[in-house]
Amino acid sequence: MKNYLYFIIYLLFNQSILISSLFYTKEKQLILLPSVAFRYHSNVTTLIDNIHPSNDWILYTQGWYFEENRFRAKLARTALSTVVNDVNKKRVAYFTGSGKKYESLCLNGLSLDLCVKTDAYGLLKKQFHLSNNDVQRFRISDGHVEYFISTINRDIRTKGEIFLCDDNGISIISDIDDTIKITGVTSVRSILRNTFSGKYQSIPGMSERYRHYKLIYNATFHYLTASPDQLYPFLREFLDYEQFPLGSYHMRHFSWFDINFFKFFQSKSFIKQKTHILHMFFTQTHSRKYILFGDIFQKDPEIYANIYQQYPERILHIFIRVSQLNLSNRLKQVFQHIPKTKWNIFVNGYDLPLNISCQLYSHK
């Protein structure tokens, strides 16, 4: 019966793709995800002229230009209502939107004025350089710069944020689902319920600890998640409400033509995506240190263990959220080549040490 229900929902979603092009409104939206900037190094790129190694910056922008599709959204709400109560219409509207492919958008601010095109999915991905003098001139006190992207006719204009990730210092890279936000990733029904309905709920104590780490380590935060970037505005609203530190977001994009709705949430493609993003941080900073937060419910332990083998001196600590404070055979096996002083488990934020350099608790 369960498999039959999912099959029916799958058919409804795929039917929406075939029919929706005939009935939709053109309510356009532009989402800009907070991104990062790194110091320029000669091995990063050779395609940009007139920049100075280790002084100037390479900045990245990321976003999605789309239009809401009421017909597809209605079908999606109908399908979701079979497994989810009180479906959030706005979340579904964004998730079911259609990307505006090959559209021109203009970037301004930060002494720049240039136009770029979206890709076949309506995604915006662009890198550009700024001198260190310009970056420091536009830098906001908490370590980021702001810019704007607009449509050609300027009827849509959205502010973006880029967080500076220098060669030195400390960054905290954190998963979101079931690390700082309750999602229930081991169950499709729980994922749908905690994604498309109700108020997002945080793991107790996590925002408090993260704010503490930002204060004492002057850490930059980067949120690395398998969640779709279509839902970024709602995750951002949640993190702001819970007072998590500001930071960059690194998410996947869901395409209705590449993969069906349920396989996206169960797909293992996030392993490749997370690994790629982690490599980016380590390779584009020379001596910066990292603290990694994840959970046991998917593949964070395996991903982090693999990264640790490549950058052991630059990972200060790994924290893995579990359902109860006792070590599983899986963690013992995965972390067998990592010193026990370099990783810990936690259930909520109150299990985490106030000072990561001094271990306040040990494995049980």
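It should be emphasised that the depicted structure is a prediction, and the values quoted were computed from it without experimental measurement. (Residues numbered from 1 in each chain as written. Predicted model: local features only at pLDDT ≥ 70, side-chain atom pairs only at ≥ 80, totals over all residues. Heavy atoms only, no water.)

**Quick look at the environment of Ser248**
How we decide: Secondary structure counts use DSSP, requiring at least four H or I residues in a row for a helix and at least two E residues in a row for a strand, with both numbered from the N terminus. The rule is simple: take the accessible area with a 1.4 Å probe, protein chains only, and divide by the maximum for that residue type; under 20% is buried, over 50% is exposed, in between is partly exposed. Two residues qualify as a contact provided that any one of their heavy atoms is within 4.5 Å of a heavy atom in the partner residue.
With respect to the secondary-structure elements, Ser248 resides in strand S12 (residues 247-252). Given a relative accessible area of 0%, Ser248 falls into the buried group. C-alpha of Ser248 to C-alpha of Val36: the two residues are 212 residues apart in sequence and 6.2 Å apart in space. Discounting residues that sit within four places of it in the chain, Ser248 has contacts with Pro34, Ser35, Val36, Phe163, Phe221, His222, Tyr223 and Phe281.

**Let's talk about the environment of Leu231**
Here Leu231 lies in the loop between strand S11 (220-228) and helix H7 (232-241). C-alpha of Leu231 to C-alpha of Phe95: the two residues are 136 residues apart in sequence and 6.6 Å apart in space. Apart from residues lying up to four places away in sequence, Leu231 is in contact with Arg91, Phe95, Thr195 and Phe196.

**Considering the pairing of strand S15 (residues 343-346)**
The criterion, for reference: Here, a strand pair is defined by DSSP locating no fewer than two bridges between the strands. Note on handedness: a clockwise path from strand one over the helix to strand two, with the strands aimed away from the viewer, defines a right-handed crossover.
Residue alternation in S15 divides its side chains into two sets, Trp343 and Ile345 and Asn344 and Phe346, and both sets are buried. Pairing of strand S14 (residues 315-321) with S15, which is carried by 4 bridges, proceeds in the parallel orientation. If you follow Arg321 over to S15, its bridge partner there is Phe346. This β-α-β element, S14 to helix H11 (residues 329-334) to S15, shows right-handed connectivity.

**What to know about the pattern of salt bridges**
To keep it simple, the criterion reads: Salt bridges are defined as contacts in which a side-chain nitrogen from Lys or Arg sits within 4 Å of a carboxyl oxygen from Asp or Glu.
Counting across every chain of the model gives 13 salt bridges. Between Glu161 and Arg236 there is a salt bridge, with its nearest N and O atoms 2.8 Å apart. Here the residue Glu161 occupies a position in strand S9 (residues 157-165), and Arg236 occupies one in helix H7, the gap between them amounting to 75 residues. Exposure remark for Glu161: the relative accessible area of 10% places this residue in the buried category. One salt bridge in this structure joins Asp175 and Lys274, with 3.1 Å as the shortest N-O distance.

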